[in-house]
Amino acid sequence: MNIPGFVLGERIGAGSHGVVYRATSTGVGRPAAIKVIVDPGDLARRFQREIAALARLSWHPHIVQVFDGGVLEDGTLWAAMELLGAPLSQAGAVANERVADIGIQIASALAVAHDVAIIHRDVKPANILSASGGLVKLSDFGIAADLAGDASTLSGLLGTLQYLAPEVFDGAAADERSDQYSLAVTLCALAIGGSPFPSAPGGQGIGALMRAKSSSNDERLIAAGVAGALLNAVTKGMHPDPAKRFASVEEFAQALGNAQVEQRWAVTRYVGPPVEPSLPVDRPPVAPTVLVSAPVAPSSVPARAPVAPVAATVLGSPTPAFAAPTPSTPSSAPAAHATTEASRPRRRMLAAIAAVVILLAGAVAAFALLGGEDSENNSSFSLNAPVSLAIAADGSLYIADDSNHRIIRVDPEAGPAVFAGTAGDGSGEPGRAALETSLDAPTGVAVGEDVLYIADAQAHRILAVDADGIVSNLAGPGDGSLEAGQDGDGGLAIDATLGLPSRLAVGRDGTIFFTDGETSRVRALNVDGTIGTFAGSHEPGFGGDSGPAVDALLRWPGGMAVDDAGVVYIADTGNHRIRAVALDGTISTIAGTGTEGFSGDRGKAVDADLGSPNDVAIGPDGSIYIADSSNNRIRVIDADGVITTIAGIDTGGYSGDGSDATAAELDNPVAVAVHTDGTVYITDGENNCIRVISPDRKISTLVG
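Residues numbered from 1 in each chain as written. Predicted model: local features only at pLDDT ≥ 70, side-chain atom pairs only at ≥ 80, totals over all residues. Heavy atoms only, no water.

### Describing the overall build of the chain
When you go through the chain residue by residue, the secondary structure sums to nine helices and 37 strands. When the 704 residues of the chain are sorted by exposure, 58% land in the buried category. Here the chain has roughly 24500 Å² of accessible surface; of this, 52% comes from carbon and sulfur atoms. (Helix = DSSP H or I, 4+ residues; strand = E, 2+ residues; numbered from the N terminus. Buried < 20%, exposed > 50% of the residue type's maximum accessible area, 1.4 Å probe, protein only. Areas by Shrake-Rupley, 256 points an atom, 1.4 Å probe, with all protein chains shown as cover.)

### Here's the deal with the environment of Thr-186
Among the secondary structure elements, Thr-186 is positioned in helix α4 (residues 176-192). Taking the C-alpha atoms as reference points, Thr-186 and Lys-124, separated by 62 residues in sequence, lie 5.4 Å from one another.

### So, helix α2 (residues 96-115)
With 20 residues, α2 extends 28 Å from end C-alpha to end C-alpha; this agrees with the ideal 28 Å at 1.5 Å per step. Following α2 by one or two positions, Ala-117 has its phi on the positive side, about 65 degrees. (Expected span 1.5 Å × (residues − 1).)

### Some remarks on the sheet that holds strand β25 (residues 560-562)
An order of β25-β26-β27-β28 is seen for the four strands of this open sheet, with the pairing classed as antiparallel. Every interior strand has two partners, whereas the edge strands, β25 and β28 (587-591), have only one. If you compare each strand with its neighbour and ignore which way they point, the axes differ by 25 degrees on average. Pairing of β25 with strand β26 (residues 568-572), which is carried by three bridges, proceeds in the antiparallel orientation. Each bridged residue has a counterpart across the sheet, and for Val-562 the counterpart in β26 is Val-568. (Pairing = 2+ DSSP bridges. Axes fitted to C-alpha atoms, helices over the stretch in contact; angles between N-to-C directions.)

### Observations regarding the packing of aromatic side chains
Taken as a whole and judged by the stated rule, the model has four aromatic pairs. Here the guanidinium or amino end of Arg-577 rests over the ring plane of Phe-542, the centre of that ring lying 3.7 Å away. The lysine or arginine in question, Arg-633, covers the ring of Phe-598, its NZ or CZ lying 3.6 Å from the ring centre. (Phe/Tyr/Trp six-rings, centres within 6.5 Å; stacked < 30°, edge-to-face > 60°. Lys NZ or Arg CZ within 6 Å of the ring centre and 35° of its normal.)

### Observations concerning the nonpolar core
In this structure, Ile-106, Leu-183, Leu-187, Leu-230, Met-238 and Phe-252 are the most contacted members of the largest nonpolar core, which totals 53 residues. Sorting the residues of this core by element identifies α2, β8 (136-138), α3 (166-169), α4, α7 (228-237) and α8 (249-263) as the ones contributing at least two each. Element by element, the count of residues in this core is highest for α2, at 11 residues. (Core = buried A, V, L, I, M, F, W, Y, C linked by side-chain atoms within 4.5 Å.)

### Focus on the confidence of the model for the chain
With 74% of its residues at a pLDDT of 70 or more, the chain shows a mean pLDDT of 78. Here residues 146-157 scores under 50 on pLDDT; set against residues more than four positions off or in separate chains, the count is 30 contacts. Taken together, the stretch residues 199-207 has pLDDT below 50 and engages in eight contacts with residues farther than four places along the chain or on a different chain. (pLDDT = per-residue confidence, 0-100. Contact = heavy atoms within 4.5 Å.)

### Focus on the environment of Pro-240
Along the chain, the position of Pro-240 falls in the loop between α7 and α8. Linking Pro-240 and Ser-178, residues 62 residues apart in sequence, is a C-alpha distance of 9.9 Å.

### Focus: the pairing of strand β3 (residues 31-37)
Here β3 lies mainly inside the structure; five of its seven residues are buried. Pairing of strand β2 (residues 19-25) with β3, which is carried by six bridges, proceeds in the antiparallel orientation. Its bridge partner being in β3, Arg-22 is matched across the sheet by Ala-33. Linkage of β2 to β3, two consecutive antiparallel strands, is achieved through a turn of five residues, within which Gly-29 is found at a positive phi near 75 degrees. The sheet contact formed by β3 and strand β5 (residues 77-81) spans five bridges and is antiparallel. Along β5, the bridge assignment pairs Ile-37 with Leu-77.

### Re the sheet that holds strand β31 (residues 624-628)
The sheet built from five strands is open, its strands ordered β29-β33-β32-β31-β30 with antiparallel pairing. Both outer strands of the open sheet, β29 (603-604) and β30 (615-618), are each paired with one neighbouring strand and no more. Note that β29 and strand β33 (residues 642-647) share two bridges and pair antiparallel. Along β33, the bridge assignment pairs Lys-604 with Val-642.

### What to know about the environment of Gly-678
Looking at the element boundaries, Gly-678 is found in the loop between β34 (669-674) and β35 (680-684). Considered as a pair, Gly-678 and Ile-693 are 15 residues apart in the sequence and their alpha carbons are 8.8 Å apart. With near-sequence residues (within four places) excluded, Gly-678 lies in contact with Pro-620, Ile-693, Pro-695 and Arg-697.

### Quick notes on α4
The end-to-end C-alpha distance of α4 is 25 Å, a good match for the 24 Å that 17 residues give at a rise of 1.5 Å each. Where α4 begins, one side-chain oxygen reaches toward the backbone nitrogen of Arg-177, 3.0 Å away; that side chain belongs to Asp-175. After α4 finishes, the residue Gly-193 shows a positive phi value of roughly 90 degrees. (Polar contact = N/O pair within 3.5 Å; in protein donor to acceptor, adjacent residues only side chain to side chain.)

### Digging into the pairing of strand β22 (residues 512-516)
Among the five residues of β22, five are classified as buried, and the element is accordingly described as predominantly covered. Across the two faces of β22 the burial is the same, with Ile-512, Phe-514 and Asp-516 and Phe-513 and Thr-515 all buried. Across four bridges, strand β21 (residues 501-506) lies against β22 in antiparallel orientation. Residue pairing in the sheet places Val-506 in a bridge with Ile-512 of β22. Where β21 folds back on β22, the antiparallel hairpin that results is connected by five residues, among which Gly-510 adopts a positive phi of roughly 95 degrees. Both β22 and strand β23 (residues 521-525) contribute to a ladder of five bridges, which runs antiparallel. Bridging across to β23, Phe-514 finds its partner in Arg-523. Turn length for the β22-β23 hairpin, with the two strands adjacent in sequence and antiparallel, is four residues, and the turn residue Ser-520 shows positive phi of about 50 degrees.

Dropping the structure here:
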């Protein structure tokens, strides 16, 4: 069989309706899975529906991507999709922490499908495939129904009986809550090691199956060690009465996030539907924070040597980061910043995990404003999940406007305007003007010498915009030539594969540091064009203080900053710490105990509790500024290692403009940057705005 553009390999799967082959593209050698239906007959419409659904949704990190498809001369239908690992039906029982993580990932996939009126109707472990870095992806949209254009097919027993919602058995139309039920049963099956509803319980067929579905599974879940918020979430999601389930899969995900917070598990990145119909969905990346043991005074230490190549290893299975949801008090914010109670949980999840990089390096006076539509006033300039900041030498502020897929430049005189990016999938070729280049969830910005660097997260690449406004590609996304488990360390950065490049910082010698969210590492682009690992060892965790940073464990590091001495500070978000890498390559903790919480003001930073710090910045006097995200605060470590709060209070909200910043409400600040005059800029995540703290510590809103 000849599939245009691909070379077929061995058969890797088969079902009653088709065969799946391993394949390689003849162009760039990209691995793929080719799904083939030789004699489609009545299946043609179902197959075409699956491809149509995937084409609309495959940008999402938890939905299988489709690359190409068509019909051969003999009528055979085929589709090329990304090559993934084994289905979760082969996983057996999994740990409760992993159950919550999988649930949030798949709930986010269903949320974006529901947002465009697509019901999956067959969520089950066999249709969830494993990917690298602990990711899972939803597949098999073959019986999915489009609520807008395919409503006639919504009723009937399409789906797998053990995972099908009871109301669908009774003839009701499949909807968002029936998908939620199927997901909850899937999570129950993963927790207990098998479906709670065998195909023919007691030999009594569908009648017994229906009776089983109407009873509680609490005892089996409890026997498997499921308890607390996770138990409540799963049992509510699979309640036999759809009216007693969650109102949406987003609420289901929020409940699973609460379970992660309750158990102090790693938090999972939630990638939800667009805030506005015209915009692609929110894709905030992982944002860990790192603490350093003691501020290092500027000195004449020698420049840091290039990062040594690290032997490639097979990736582990870290859980992607997710915004830890915490209750917040409704505020009396102006309409422009008001957050409804219905939208707050998802937006908190999106913003809390968005890590940011703030870098004060180099001079960018030569940057030209590349057009864009200026707003009549800054407060009416709309931002959508801004997650990173950088300040240029001329005082211009650059903002990574993640979910609007663009970079904003705020000129000190002219105000905000679009500097780079068009909404898209990040597939635009480099070499274009910045305003003509498609970005896909840019999550990091940093300033170098006459250049702006951009972490184009979902396109898996690092870009540079030169003084003429032309974009070039510095690293990633790779050409598919690397063997499984290799990421290109030790070779040219342009040939490397990047997981989720999210935050950026520039060293004094021009080295570009970036966090790779999927592998819990900080990697480095050396000035000679090679790439290597700078800190972290592929697995999320905590360890390695006082030893080499490349052997240490980080947990979803977020923003970074480099001081005048060359020390690199990392927000080790998932470990609730700030860490520092000295010039000799050793790593230490300078803030945070590892326990999420708020404590320690006016004491030593190493004895203070932090809450998912997403970013770190260096002030003109060497002070270390921290975006203490879950605590809704900005905190500072002085030269004596003492930590204090300079903005924010216990409650999250939007208030206090014009007054002292320590009395103002912030809501999940995820980025911080400090000007040479001491002005502090903050990305106020939940409020989708940039706020400013003046040198006299008064707060105001700059943009948004």
